[in-house]
Amino acid sequence: MKSEKRILLLENHRRSLTSTLMIVEKLLIEIEDSMVSQYKTCCFEIKNDIVSDIINHNLKAIEEARQQICNLAEKYNTDKKFQSLQRIIDVKKTKIWEILCDAKSKKQKGFGKFPQELVTEFDKDIDELMAVADKIKY
């Protein structure tokens, strides 16, 4: 890519391309992670229904796509964003808190009347999960 000339886009176009490339890159990471990582989960399981030859093919394609993203980023002089791991954890903890708050019994009205005899125990269980999630530090 070094021999190819750089193209200077207008700021808005460069910013848009930067965002596009970042999103695609993150999605590629998620696909790769799904194919190579096994997680211990209670509520979902990724069923590996892809043969190893296809996984290897996909991993090569992902690497090729990453290289193309790097080439485009260099060619169009996109911005490289740096993000703090602390900030990522903080945002994800906030999202967990929001989701759990929305899971409490009083927020379940849209799904029908929540059984009154379960409200205290259910909300206590949600509160306990919120407290455990809050232990994640950054």
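Scroll up for the structure.
Residues numbered from 1 in each chain as written. Predicted model: local features only at pLDDT ≥ 70, side-chain atom pairs only at ≥ 80, totals over all residues. Heavy atoms only, no water.

**Q** When you look at the overall build of the protein chain in this model, what are you seeing that I'm missing?
**A** When helices and strands are tallied, the protein chain shows four helices and zero strands. Counting from the amino terminus, helix and strand elements in the protein chain follow one another as α-α-α-α. In terms of C-alpha radius of gyration, the protein chain reaches 22 Å, well past the compact-globule figure of 14 Å for 138 residues. Out of the 138 residues in the protein chain, the part that is buried amounts to 17%. Intrachain contacts of the protein chain at a sequence separation of at least 6 include 74% that bridge at least 24 residues. (Helix = DSSP H or I, 4+ residues; strand = E, 2+ residues; numbered from the N terminus. Rg over C-alpha atoms; globule rule 2.2 N^0.38 Å. Buried < 20%, exposed > 50% of the residue type's maximum accessible area, 1.4 Å probe, protein only. Contact = heavy atoms within 4.5 Å.)

**Q** So what exactly am I meant to see when it comes to the layout of surface pockets here?
**A** Rolled over the atoms, a probe as big as a water molecule pinpoints where empty space is left. Space inside the largest pocket adds up to approximately 640 Å³. Along the walls of the largest pocket sit 18 residues, with M22, E25, K26, K80 and K81 positioned nearest its centre. Looking at the lining of the largest pocket, the elements with two or more residues in it are α1 (11–36), α2 (52–75) and α3 (85–103). Per-element tally for the lining of the largest pocket: the top contributor is α1, with six residues. A class-by-class count of the residues in the lining of the largest pocket yields nine nonpolar, three polar and six charged. (1 Å grid on protein atoms, 1.4 Å probe; cavity = no way out; pocket = protein on both sides within 12 Å on 5 of 7 lines; lining within 4 Å. Points joined across faces, edges and corners; volume = space filled by probe spheres on them. Nonpolar A, V, L, I, M, F, W, Y, C, P; charged D, E, K, R; others polar.)

**Q** So what exactly am I meant to see when it comes to α3 here?
**A** Note: α-helices contain 3.6 residues per turn, so residues at a spacing of three or four share the same orientation. If you check α3, its first and last C-alpha atoms are 27 Å apart, about what 19 residues at 1.5 Å a residue would give, namely 27 Å. Of all the positions in α3, only K93, L100 and A103 are classed as buried. The buried residues of α3 occupy an angular sector of 80° when the element is viewed end-on, so they sit on one face. Where α3 is buried, its residues touch α4 (119–133). Between the side-chain oxygen at the start of α3 and the backbone nitrogen of Q86 there is a gap of 3.1 Å, and the oxygen is on S84. (Expected span 1.5 Å × (residues − 1). Arc of directions from axis to C-beta. Polar contact = N/O pair within 3.5 Å; in protein donor to acceptor, adjacent residues only side chain to side chain.)

**Q** Help me understand the pattern of salt bridges, please; the structure alone is not making it clear to me.
**A** Side-chain pairing between opposite charges can occur once the charged atoms of the two side chains come close. A complete count under the given rule lists 11 salt bridges for this structure. For E32, the salt bridge is made with R66, and the minimal N-O distance between the two is 2.5 Å. Of this pair, E32 sits in helix α1 while R66 is found in helix α2, placing the two residues 34 residues apart along the sequence. For E32, a relative accessible area of 23% translates into the label partly exposed. By relative accessible area, which is 17% here, R66 ends up buried. Of the charged contacts in the structure, one is a salt bridge between K104 and D127, with a shortest N-O distance of 2.4 Å. You can see K104 sitting in the loop between α3 and α4 and its partner D127 sitting in helix α4, a full 23 residues away along the chain. Given the relative accessible area of 35%, D127 is considered partly exposed. (Salt bridge = Lys/Arg side-chain N within 4 Å of Asp/Glu carboxyl O.)

**Q** I'm lost on the nonpolar core in this one. Help?
**A** The nonpolar side chains of a soluble globular protein tend to be buried with one another. Counting six residues, the largest nonpolar core consists of L21, L28, M35, I55, I62 and I69. For this core, the elements supplying multiple residues, two or more each, are α1 and α2. With residues near it in sequence (within four places) discarded, I62 still touches L28, I31, E32 and M35. (Core = buried A, V, L, I, M, F, W, Y, C linked by side-chain atoms within 4.5 Å.)

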